[in-house]
Amino acid sequence: MLPQGLARVNGTALSLSLQNLPSDVLYIIVEQLVSIDGVVKHLKHLSSTSRRIRVHCMPALFRCCWAGESGVVPPQSIRRFVVHLNFTTVFVSLQERRAKGYVDPRLIPYYVNVVEEKTRTPLELPPFWLVLEYLPAVRSITFQCASGGVPWTAILKCLSYPRITSISFRGDSMWTCVTPPTVSPKLLSVGSQLGLTRLHYVVNEWRDVESAMAERDIQAARTLESSYLRSLVLRMSSTAESLTLPIDTAPLTEMSKMDWPRLTALSLTGQWVDRACLQALLLCMPNLRNLSILASQRRGLPHPLILTKVLKQRLHLHSLTIAYPNPEDEIFASIGEELTCLSLRDSPRYYLYPQCTEGWMLESMETPLLTSTDVLSIVKRIVAPRLWKLELVYKADEAEFELLHYLPLAFPLLQQIELHRYRASDDDSIPYLDIAKALTSFEHLRVAYLNLDFQDVIFSPWRNAECPYERSVLLRDRGKEIRSVLEAGRNFECVALLGRPSNAGMWSKYRPSWYPYRDPVWWMDRRAFDATIHTTWSLYNRSDS
């Protein structure tokens, strides 16, 4: 018998330690550490244990690199590991953005000296091209903090590198002040063969609101945005694998007349418009597996439908996300049994409206929350025995517990559930313990995220004057009560409750009572916070005027 800490491999006794693990096992451990929270802080500690382990950690530690106007190039020893480049700079001068109404004059003294800033063009920014020359392994680029947008010349420079197959634009880099694209005859001759497999253009979901506050013409920005998207997207039909586009400006009608054989992920954001071409578009994407439509509703328009009739050939989706779905939509009867993730939600988050908008912007935006009855009618039309992740947003009515008791029967393998449950009336009580007991019917449930519309725990943790200690204690006590109910499940890992800060969502997570660290862990709903921080800032300045 071998001593403790030794194992026999191919007849040889080896020490059971990280140092002696095979390389493929070490790479699996590295990827798992990165996937825990999307950052490399855990990986840094592991990489400092030995030289061999650091060699295996290097590709994950340095796969992503930041570049800006400074022109600093990473050291030569790590350049071959960089595959993704985050490029941060401003291509449009402050004067140009201010002339078009995209800079609040009251905010200028906080971050820039107008007198010192020079009018620049992309050709005067050699660091961008220089960094690409020094990073031969870069495959994807993300533009962010490019206020006013990324000009066509910079995009053409990216396209001139065949190795770059993915370009992304964050919500703070929307095309608003750049000149329209000029497509060269050479690019036109290439047709759809641009070589891009991923194009992600994320719009600020509050941009219509911000434009209304600033009293600027949003239609001009939409026209400019549409011209850029048409110049790029329509030349990707044979290569595209993943697309994120605004539904109100993307060339969906033209796309529906083309074949998209390799596309597996489609995400549509922005604000709903009448897009009758969606049904024809989905038929052109035979390999589509992930569909997300997070579009806000425009007041005065009918509740949109994605599909008006059941498709003869079912959609083999693995993931489906729809904001404010129509219960009569035939897409729910057209989904195959491969579905594993389903989200029937709101967009933007409904809990942000009274906190960030003070109600005045609701004149242009609709928030048609589904009732429990509506959600139940949708779920009964879906056959998804493999579903493991579910998100539902609804307003409670008499069918709520019928819905909660039906879910374990429809989705027996569910492991993660997120419920945003809103009261029909402010006077209604919240049966949070009964809801927790209903969730115990899920045999495999591991994680539960619950927004139960607790109005008495709305607070702002970073402002002590607005954050009575009793409110956070009240939320903590309720979290422990719900935990005590859910931890009876053999697979239970944690439950999280949503607090209601003044401009975002903040979750408090509760582990089982036997867990060594039992105090709730707080974290910000960062996506909601990022989307609303500029709107909130503008509102503060608006109130001062």
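Provided above is the structure to which this section pertains.
What counts, and at which threshold
Residues numbered from 1 in each chain as written. Predicted model: local features only at pLDDT ≥ 70, side-chain atom pairs only at ≥ 80, totals over all residues. Heavy atoms only, no water. Buried < 20%, exposed > 50% of the residue type's maximum accessible area, 1.4 Å probe, protein only. Helix = DSSP H or I, 4+ residues; strand = E, 2+ residues; numbered from the N terminus. Pairing = 2+ DSSP bridges. Right-handed = clockwise from strand over helix to strand, strands pointing away. Arc of directions from axis to C-beta. Contact = heavy atoms within 4.5 Å. Axes fitted to C-alpha atoms, helices over the stretch in contact; angles between N-to-C directions. Parallel < 35°, antiparallel > 145°, perpendicular 65-115°, else oblique. Left-handed = near helix turned anticlockwise from the far one by under 90°. Nonpolar A, V, L, I, M, F, W, Y, C, P; charged D, E, K, R; others polar. Phe/Tyr/Trp six-rings, centres within 6.5 Å; stacked < 30°, edge-to-face > 60°.

A. Examining the pairing of strand β17 (residues 447-451) more closely. In terms of residue burial, β17 counts as a mostly covered element, since 5 of its 5 residues are buried. Burial along β17 is two-sided: Val447, Tyr449 and Asn451 facing one way and Ala448 and Leu450 facing the other are all buried. Where strand β16 (residues 416-422) meets β17, 5 bridges bridge the pair, whose relative direction is parallel. The residue bridging Glu418 from the neighbouring strand is Tyr449, located in β17. Tracing the backbone out of β16, into helix α16 (residues 432-439) and back to the parallel element β17 gives a crossover that is right-handed. Pairing analysis gives 4 bridges linking β17 to strand β18 (residues 494-499), with the strands arranged parallel. Note that in β18 the partner of Tyr449 across the bridge is Ala496.

B. Quick peek at helix α15 (residues 400-410). Of the positions making up α15, those classed as buried are Glu400, Leu403, Leu404, Leu407, Pro408 and Ala410. All buried residues of α15 fall inside an arc of 165° around its axis, so they share one side. Where α15 is buried, its residues contact α14 (372-379), β15 (389-395), β16 and α16.

C. How the structure looks around the packing of α14 against α15. Direction vectors running N to C along α14 and α15 enclose 20°, while the axes themselves pass 9 Å from each other. Taken together, the axes of α14 and α15 lie roughly parallel to each other. Once α14 is placed against α15, the crossing between them reads as left-handed. Facing α14, whose interface residues are Ser372, Val375, Leu376 and Val379, α15 presents Glu400, Glu402, Leu403, Tyr406, Leu407 and Ala410. Residue composition of the contact of α14 with α15, grouped by class: 7 nonpolar, 1 polar and 2 charged.

D. Region of interest: the side chain of His420. Along the chain, the position of His420 falls in strand β16. If we ignore the near neighbours within four places in the chain, the residues touching His420 are Arg349, Tyr351, Glu391, Leu392, Val393, Tyr394, Asn451 and Trp507.

E. Just the packing of aromatic side chains, in detail. Tallied over the entire structure, the rule returns 13 aromatic pairs. Ring geometry for Trp175 and Tyr201: centres 4.4 Å apart, planes at 10°, overall stacked. With a gap of 26 residues between them, Trp175 in the loop between β6 (166-169) and α8 (185-190) and Tyr201 in strand β7 (residues 198-201) connect regions that are remote in the sequence. Of the two residues examined, Trp175 and Tyr201, each falls in the buried class. Measuring from centroid to centroid gives 5.5 Å for Tyr449 and Trp507, while their planes differ by 85°, and the two rings are edge-to-face. Separated by 58 residues along the polypeptide, Tyr449 in strand β17 and Trp507 in strand β19 (residues 506-510) bring together distant segments of the chain. Residues Tyr449 and Trp507 agree in their burial class; the two are buried. One aromatic cluster is present, built from ring pairs that chain together Phe87, Phe91, Phe143, Trp152, Phe169, Trp175, Tyr201 and Tyr228.

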